[in-house]
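Descriptive analysis of the structure
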Amino acid sequence: MKDLTRWGLAGIAAALLLMPARAEAQFINGSFWGGSNFQTGFDVQLFHDGGGLLRLVVTNIGDTNGDFAGIFEAIGLANVPEGVNVTGISADPTHWSFNTASSLSGDGIEQVVWAWFANAPAPQNGLDLNESATFMFQLDDWDDAWMSQIGVAVHSIGFEECSTKFGVWNGGADSNDAGPDGYDPDCVSVPEPGTNVLLAIGVLGLGLVAVRRRSLKELLAGR
């Protein structure tokens with residue numbers, strides 16, 4: 001009898017091991033550009049295992065030319081309904097900390113947002129151009145009716161202490177976009193080295209002119 005019990009338990013364990021793993025469903029997959037102040041872009045892949053576990057992979061792809069368009073200092077889930085609890089499970093790389101609800105909302109970002117923030121000093125530890133990160137979230141009390149509407153949001157820091165927020169949801173169909181009128185080039189561009197040299201030469205030239213004028217005045221005053 002003991003042998004039968006032992007073999008029965010072994011059979012159950014083997015059957016569990018042979019059961020196929022739950023397949024992930026992909027909600028968002030693609031590259032998107034937008035922003036509330038200046039335009040930035042990300043490649044995003046959002047998966048759901050069917051049991052409330054979400055896997056988010058984000059890559060900072062810059063602007064539409066692939067140039068620098070800010071460092072992502074916050075990355076999270078957008079369009080999460082009220083009452084749904086979200087737990088941050090893990091981040092890879094690990095220099096990110098999970099924050100509370102609505103910490104990345106506003107500027108056109110839909111509803112409640114749960115986000116990972118780059119550890120201090122930020123944004124130096126954020127997601128720079130062509131860098132990727134993977135985040136895991138566990139959702140409680142989720143519902144299939146809204147799960148397909150969930151989105152992704154980022155907070156990007158540019159030059160001159162500018163920042164922009166950008167989100168996609170509804171499978172990536174909707175985004176907040178500053179557009180040409182809202183684009184601030186000072187946020188995403190720095191003077192070329194040649195421009196800096198010319199500026200320095202100009203300042204030096206003005207200084208020399210001022211010195212020569214002063215010397216001439218002193219010379220004439222001494223006559």
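Here the structure is a predicted model, which means the values were calculated and not measured. (Residues numbered from 1 in each chain as written. Predicted model: local features only at pLDDT ≥ 70, side-chain atom pairs only at ≥ 80, totals over all residues. Heavy atoms only, no water.)

Some details on the overall build of the chain
Helices and strands together make up the secondary structure of the chain, namely four helices and 11 strands. Buried residues in the chain amount to 35% of all 223 residues. Contacts in the chain between residues at least 24 apart in sequence constitute 66% of all its contacts with a sequence separation of at least 6. Here the chain displays about 12,700 Å² of accessible surface, and carbon together with sulfur accounts for 56% of that area. (Helix = DSSP H or I, 4+ residues; strand = E, 2+ residues; numbered from the N terminus. Buried < 20%, exposed > 50% of the residue type's maximum accessible area, 1.4 Å probe, protein only. Contact = heavy atoms within 4.5 Å. Areas by Shrake-Rupley, 256 points an atom, 1.4 Å probe, with all protein chains shown as cover.)

As for the sheet that holds strand β3 (residues 53-60)
Here five strands make up an open sheet; going across it, the order is β1-β2-β3-β8-β5 and the pairing antiparallel. Either end of the sheet is taken by a strand with one partner, and the two such strands are β1 (25-34) and β5 (85-92). Strand-to-strand, the axes of this sheet are offset by a mean angle of 20°, without reference to chain direction. Summarising the sheet, β1 and strand β2 (residues 40-48) pair through nine bridges and their orientation is antiparallel. When the bridges of β2 are listed, serine 31 appears paired with aspartate 43. (Pairing = 2+ DSSP bridges. Axes fitted to C-alpha atoms, helices over the stretch in contact; angles between N-to-C directions.)

Focus: the pairing of strand β8 (residues 132-140)
Pairing of β3 with β8 involves seven bridges; the strand directions are antiparallel. The residue of β8 that forms the bridge with valine 58 is alanine 133. Of the pairings in the sheet, the one linking β5 to β8 comprises seven bridges and is antiparallel in character. Across the sheet, aspartate 92 pairs through a bridge with threonine 134, a residue of β8.

As for the sheet that holds strand β9 (residues 151-157)
Pairing between the strands of a sheet comes from backbone hydrogen bonds, and it takes one of two forms, parallel or antiparallel. The strand order across the open sheet formed by six strands is β6-β7-β4-β9-β10-β11, and the pairing between neighbours is antiparallel. On the outer flanks of this sheet lie β6 (96-98) and β11 (174-175), each paired with one strand and no other. The pairing of strand β10 (residues 163-169) with β11 spans two bridges and is antiparallel. Looking across to β11, one finds that valine 168 is bridged to serine 175.

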